[in-house]
Each structure stands twice: as C-alpha cells, then as structure tokens.
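Reading the structure
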Amino acid sequence: MAAKTIFRRIIDREVPATIVFEDEHCLAFQDVDPQAPTHILVVPKKEIPSLAAVEPQDHAILGHLLMVISRLAADLQLDQGFRVVCNTGPDAGQAVDHLHFHLLAGRPLLWPPG
Ligand code: 5GP
C-alpha cells in the first residue's frame with residue numbers, strides 16, 4: 001500500500017494542524033510555511049493526487065472546494081482580495097500529491113507569479 005501523504009495524515013489526525021474549517025468532504029488548515037498573512041490549504045478528504053487526475057465523478061467535490069474557499073474568504077473578510085493557487089505537477093512545484101488549493105491573502109500578490 002502506498003504511504004500516506006502528509007495531508008492524508010492531517011485529515012486522519014495523525015499529524016497536527018491548525019484547522020479552520022471541516023465538513024464531510026474537505027478540510028481547511030493553515031499552511032505550515034505561510035507565504036502571505038493568510039495562507040490556508042483546502043483539501044478534499046477523497047484521495048485525489050492532483051488536478052490532472054480528477055475524474056468526471058469529482059465534478060461536485062471540485063465545485064464544493066471552491067465554494068468553501070469563497071465562504072472562508074468572506075468569513076475572514078478578505079475584502080482587499082485573495083488568490084487561489086492549485087500547483088499541479090513538477091513544473092508548478094507541486095510538493096504534496098494530494099489535491100489542494102492554496103488561499104493566499106493579506107498582502108499585494110505579484111503577477112505574473114515566479
Ligand atoms: P504545493 O507545493 O504542493 O502546492 O504545496 C504544499 C504546501 O503544503 C506547502 O505550502 C507547504 O508549506 C505545505 N505543507 C507541507 N507540509 C505541511 C504540514 O505538515 N503541515 C501543513 N500545515 N502544511 C504543510
């Protein structure tokens with residue numbers, strides 16, 4: 001059996017994290033190495049390696065994750081804006097092979113990204 005990713009271990013409460021939201025489909029927690037004053041990771045509980053690996057049956061969970069991000073941004077009053085990032089594959093720097101969205105805010109974010 002493949003080793004659990006760090007996010008699976010956080011979902012399973014084997015590794016601690018600062019959790020900001022949870023429901024039956026997803027978990028949101030603070031990034032351990034924040035790149036902005038607000039840096040939250042939103043991950044599905046379902047084992048999906050990346051955005052490149054989603055299947056038609058993942059349609060609803062993908063929509064749900066973005067709805068959760070929108071609600072978090074409203075709750076956190078990110079009125080100056082925020083950025084949602086989904087690094088996918090080696091060129092994008094994906095380090096954890098469990099689908100996740102970064103929610104970044106609290107400072108001006110440069111464009112284009114590096
Ligand atoms: P990626 O580069 O795959 O898009 O992002 C992975 C993110 O997971 C990084 O921003 C990294 O800081 C975060 N991360 C890695 N290990 C841990 C951990 O053990 N706990 C938390 N909260 N975040 C982690």
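Coordinates for the structure precede this section.
Please read all numbers here as calculations on a predicted model, not as lab measurements. (Residues numbered from 1 in each chain as written. Predicted model: local features only at pLDDT ≥ 70, side-chain atom pairs only at ≥ 80, totals over all residues. Heavy atoms only, no water.)

Considering the packing of aromatic side chains
Scanning the entire structure with this criterion turns up one aromatic pair. Here Phe7 and Phe29 contribute two aromatic rings whose centre-to-centre distance is 5.6 Å and whose plane-to-plane angle is 70°, an arrangement assigned as edge-to-face. Of this pair, Phe7 sits in helix H1 (residues 6–11) while Phe29 sits in strand E2 (residues 26–30), placing them 22 residues apart in sequence. Here Phe7 matches Phe29 in class, with each residue buried. (Phe/Tyr/Trp six-rings, centres within 6.5 Å; stacked < 30°, edge-to-face > 60°. Helix = DSSP H or I, 4+ residues; strand = E, 2+ residues; numbered from the N terminus. Buried < 20%, exposed > 50% of the residue type's maximum accessible area, 1.4 Å probe, protein only.)

Things to note about the site of the ligand
As a matter of local geometry, the ligand sits amid 16 residues, with Gln30, Asp31, Ala95, His100 and His102 nearest to it. His100 places a side-chain nitrogen or oxygen 2.8 Å from an oxygen atom of the ligand. Starting from 520 Å² of accessible surface for the ligand in isolation, the protein chains cover 81%. In this structure, the ligand is accommodated by the second largest pocket. Those elements giving two or more residues to the shell around the ligand turn out to be H1 and E2. Of the residues contributing to the shell around the ligand, the split by class is eight nonpolar, six polar and two charged. (Near = heavy atom within 4 Å. Polar contact = N/O pair within 3.5 Å; in protein donor to acceptor, adjacent residues only side chain to side chain. Areas by Shrake-Rupley, 256 points an atom, 1.4 Å probe, with all protein chains shown as cover. 1 Å grid on protein atoms, 1.4 Å probe; cavity = no way out; pocket = protein on both sides within 12 Å on 5 of 7 lines; lining within 4 Å. Sits in = over half its atoms within 2 Å of the grid points. Nonpolar A, V, L, I, M, F, W, Y, C, P; charged D, E, K, R; others polar.)

Overview of the nonpolar core
Ile40, Val42, Leu65, Leu72, Leu99 and Leu103 are the most contacted members of the largest nonpolar core, which totals 18 residues. If you list the elements that add at least two residues to this core, you get E2, strand E3 (38–44), helix H2 (59–75) and strand E5 (101–105). Of the residues forming this core, the biggest block, seven residues, is contributed by H2. Counting residues in hydrophobic clusters, the runner-up holds nine residues, among them Phe7, Ile10, Leu41 and Val43. (Core = buried A, V, L, I, M, F, W, Y, C linked by side-chain atoms within 4.5 Å.)

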